[in-house]
Amino acid sequence: CSVTLARQHWVRIVPGRHKTKKRVCRLGRQTRAGAYRQRSRAVRSALGRSRGSPECGRASQSLASRPTLAGVLRISQAYVDAIVAHARRDFPDEACGIIAGPEGSDLAARLIPMTNADRSPTFFRFDPAEQLALYKEMDDNDEEVVVVYHSHTSTEAYPSRTDISYAAEPQAHYLLVSVAETGADDGPAEVRSYRILDRVVTEEEIEITAADPAVSE
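We now turn to the structure provided with this report. Given the structure is predicted, the values throughout are model-derived calculations rather than measurements.

**Regarding unusual backbone geometry**
In this structure, Pro92 follows Phe91 across a cis peptide bond, with omega equal to 15°. With respect to the helices and strands, Pro92 occurs in the loop between α1 (77-90) and β5 (96-102). A positive phi angle is found at Asp142, which is not glycine, with a value near 55°. Mapping Asp142 onto the fold places it in the loop between α2 (128-140) and β7 (143-152). For Asp198, which is not glycine, the phi torsion reads 50° and is therefore positive. On the secondary structure map, Asp198 appears in the loop between β9 (190-197) and β10 (200-209).

**Things to note about the environment of Ile75**
Inspection of the secondary structure puts Ile75 in strand β4 (residues 72-76). Residue Ile75 is classed as buried on the basis of its relative accessible area of 1%. Sequence separation of Ile75 and Ala210 is 135 residues, and the distance between their C-alpha atoms is 8.6 Å. Not counting chain neighbours up to four residues away, the residues in contact with Ile75 comprise Val80, Ile83, Ile99, Leu175, Ile206, Glu207, Ile208 and Thr209.

**Here's the deal with the packing of aromatic side chains**
Per the counting criterion, the structure on display carries three aromatic pairs. Ring geometry for Phe123 against Tyr166: centres 6.5 Å apart, planes inclined by 80°, an arrangement best described as edge-to-face. Of this pair, Phe123 sits in the loop between β6 (110-114) and α2 while Tyr166 is found in the loop between α3 (161-165) and β8 (173-178), placing the two residues 43 residues apart along the sequence. Ring centres 5.8 Å apart and planes at 50° place the aromatic pair Phe124 and Phe126 in the tilted group. We classify Phe124 as buried; its relative accessible area is 0%. A relative accessible area of 0% places Phe126 in the buried class.

Thresholds applied
- Residues numbered from 1 in each chain as written.
- Predicted model: local features only at pLDDT ≥ 70, side-chain atom pairs only at ≥ 80, totals over all residues.
- Heavy atoms only, no water.
- Helix = DSSP H or I, 4+ residues; strand = E, 2+ residues; numbered from the N terminus.
- Buried < 20%, exposed > 50% of the residue type's maximum accessible area, 1.4 Å probe, protein only.
- Contact = heavy atoms within 4.5 Å.
- Phe/Tyr/Trp six-rings, centres within 6.5 Å; stacked < 30°, edge-to-face > 60°.

Shown next, in the form of structure tokens:
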């Protein structure tokens, strides 16, 4: 399927592993709700910690213990567009950020692009001061991390061993964007979503919603 795109980039839609076919669609404001994917990381329990900190432990909860968790990431097309644009803008370094939402809601309500403190094409780490300020703000707003996203610049949108080892937030979706095919230019961008619990990676579908949420600068 293909739809005329509003923001001049392609997004490759990868169905869940229980499906066999791959599709490539152009996504625009007119796009119907579809299936994407994702990947995430971090929450208020890691307040003040940045990726790479030895204090970050592994997730120990299961999806069964978090009944509010869905098997699909629901995210607005505006956020997908913004995340892909962020990945292109920061290329050749990895881009990163979070989407916050009300505690326990699994609602991807507020997109916050973050600074990759390492400025690396193969690794990302939230700027510690920026992260601490953000998590204090989320505490004040009764929010938690719903999605943690980052980009891959030369590999597919699948969690690396490092990504898996630092995935310490059982409530979060892990959104991965690969711009390996086109870099900073317009073209295909692969977007996929995962849950990572106890170092077990489970891919999930992404459902595009019509909501037009706010993006924090």
